[in-house]
Amino acid sequence: MHIIVNNTSMIPIYEQIMEQVKTAIINGELTEDTMLPSVRGLSKELKISALTVKKAYDNLEQEGFTVTVHGKGTFVAAANQDRIKEERQKEVEQDLERVIAKARRGGLSDAEIRGMFDILLGE
């Protein structure tokens, strides 16, 4: 697993880690029962605090993406297809919100935006 953190980003480092792990799970790069790097190992590799990695791992577990086995490590949880679909849908909704905002800033009406979507959807 390859994680890159951007120390100058406005996004907290633990969220950057979470998003990259979630993306890897959703895309099938990390499969069920795959062991994630240890908290200490990842913190050393990324040169960040172990508490930051722990916060990311704890949040991933709360969201159902990972399972931590005391003394053994953190593993990718069994694939919950509904959760994966929901995450993909959330990402698309965020992208669409950005596109709609850009179109409105460009002076397009809602009807024109809908028309573009209809054309692109082939309707």
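Right above here is the structure, for reference.
These numbers come from a predicted model, not from an experiment. (Residues numbered from 1 in each chain as written. Predicted model: local features only at pLDDT ≥ 70, side-chain atom pairs only at ≥ 80, totals over all residues. Heavy atoms only, no water.)

Draft legend 1. Looking closely at the side chain of Gln16. Along the polypeptide, Gln16 turns up in helix H1 (residues 13–26). Polar contacts involving the side chain of Gln16 include one to the main-chain amide nitrogen of Asn6, which spans 2.7 Å. Engagement of the side chain of Gln16 in a polar contact is seen with the backbone oxygen of Ile11, the distance being 2.8 Å. When residues no more than four places from it in sequence are discounted, the contact partners of Gln16 are Ile4, Val5, Asn6, Ser9 and Ile11. (Helix = DSSP H or I, 4+ residues; strand = E, 2+ residues; numbered from the N terminus. Polar contact = N/O pair within 3.5 Å; in protein donor to acceptor, adjacent residues only side chain to side chain. Contact = heavy atoms within 4.5 Å.)

Draft legend 2. Fine view of the pairing of strand E2 (residues 73–76). The pairing of strand E1 (residues 66–69) with E2 spans 4 bridges and is classified as antiparallel. The partner of Val67 across the bridge, within E2, is Phe75. Counting the residues between successive antiparallel strands, the hairpin from E1 to E2 contains 3 residues, one of them, Gly71, with a positive phi of roughly 85 degrees. (Pairing = 2+ DSSP bridges.)

Draft legend 3. Highlighting the environment of Val76. Turning to its location among the elements, Val76 is positioned in strand E2. Judged by relative accessible area, Val76 falls into the buried class, the value being 3%. Each C-alpha atom of the pair Val76 and Phe65 lies 6.1 Å from the other, and the pair is 11 residues apart in sequence. Excluding anything up to four places from it in sequence, Val76 contacts Ile25, Leu30, Thr31, Glu32, Asp33, Thr34, Leu36, Phe65 and Thr66. (Buried < 20%, exposed > 50% of the residue type's maximum accessible area, 1.4 Å probe, protein only.)

Draft legend 4. Highlighting the packing of aromatic side chains. The tally for this structure, following the rule as stated, stands at 0 aromatic pairs. Taking NZ or CZ as reference, Lys55 lies 4.1 Å from the ring centre of Tyr14, over its face. (Phe/Tyr/Trp six-rings, centres within 6.5 Å; stacked < 30°, edge-to-face > 60°. Lys NZ or Arg CZ within 6 Å of the ring centre and 35° of its normal.)

Draft legend 5. Looking closely at unusual backbone geometry. One non-glycine residue, Asp33, lies in the positive phi region at around 70 degrees. Along the chain, Asp33 falls in the loop between H1 and helix H2 (39–46). At Lys47, a residue that is not glycine, the phi angle is positive and equals roughly 60 degrees. Counting through the fold element by element, Lys47 comes out in the loop between H2 and helix H3 (50–62).

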